[in-house]
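Here is what each chain is made of, one letter per residue.
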Amino acid sequence: MALPSAWSVMRVAISFISVVGLLSVRLAGASQDSGSVIPAESRPCVDCHAFEFMQRALQDLKKTAYNLDTR
């Protein structure tokens, strides 16, 4: 069984790298075009979202506990 020449291996590697590069550029361009961009100053941080979620969850638990106590 003959080994492939270095030239044919290089040709396949260059083709593969160029296809991957084109796909990544296309995906990056598609993600930027879709939707509107909200500036970072007007978006709450991740910690703020987590804090608000935990506050709502705690309020729901308090309501549930109160309803169970009143039954």
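If you're wondering where the values come from, they're calculated on a predicted model, not measured in any experiment.

Would you mind showing me how to read the overall build of the protein here?
A tally of regular secondary structure across the protein gives 2 helices and 0 strands. Within the protein, the proportion of its 71 residues that are buried is 0%. Carbon and sulfur atoms provide 68% of the accessible area of the protein, an area that totals close to 7000 Å².

Honestly, a nonpolar patch on the surface in this entry has me stumped. Any pointers?
Residues Trp-7, Met-10 and Ile-14 make up a contiguous nonpolar surface patch of about 390 Å² in total accessible area. For Ile-14, the location among the structural elements is in helix α1 (residues 6–33). Note on Ile-14: relative accessible area 53%, which makes it exposed.

The rules behind these values
- Residues numbered from 1 in each chain as written.
- Predicted model: local features only at pLDDT ≥ 70, side-chain atom pairs only at ≥ 80, totals over all residues.
- Heavy atoms only, no water.
- Helix = DSSP H or I, 4+ residues; strand = E, 2+ residues; numbered from the N terminus.
- Buried < 20%, exposed > 50% of the residue type's maximum accessible area, 1.4 Å probe, protein only.
- Areas by Shrake-Rupley, 256 points an atom, 1.4 Å probe, with all protein chains shown as cover.
- Patch = residues over 30% accessible without salt bridge, like charges linked within 9 Å, V, L, I, M, F, W, Y side chains within 5 Å.
- Salt bridge = Lys/Arg side-chain N within 4 Å of Asp/Glu carboxyl O.

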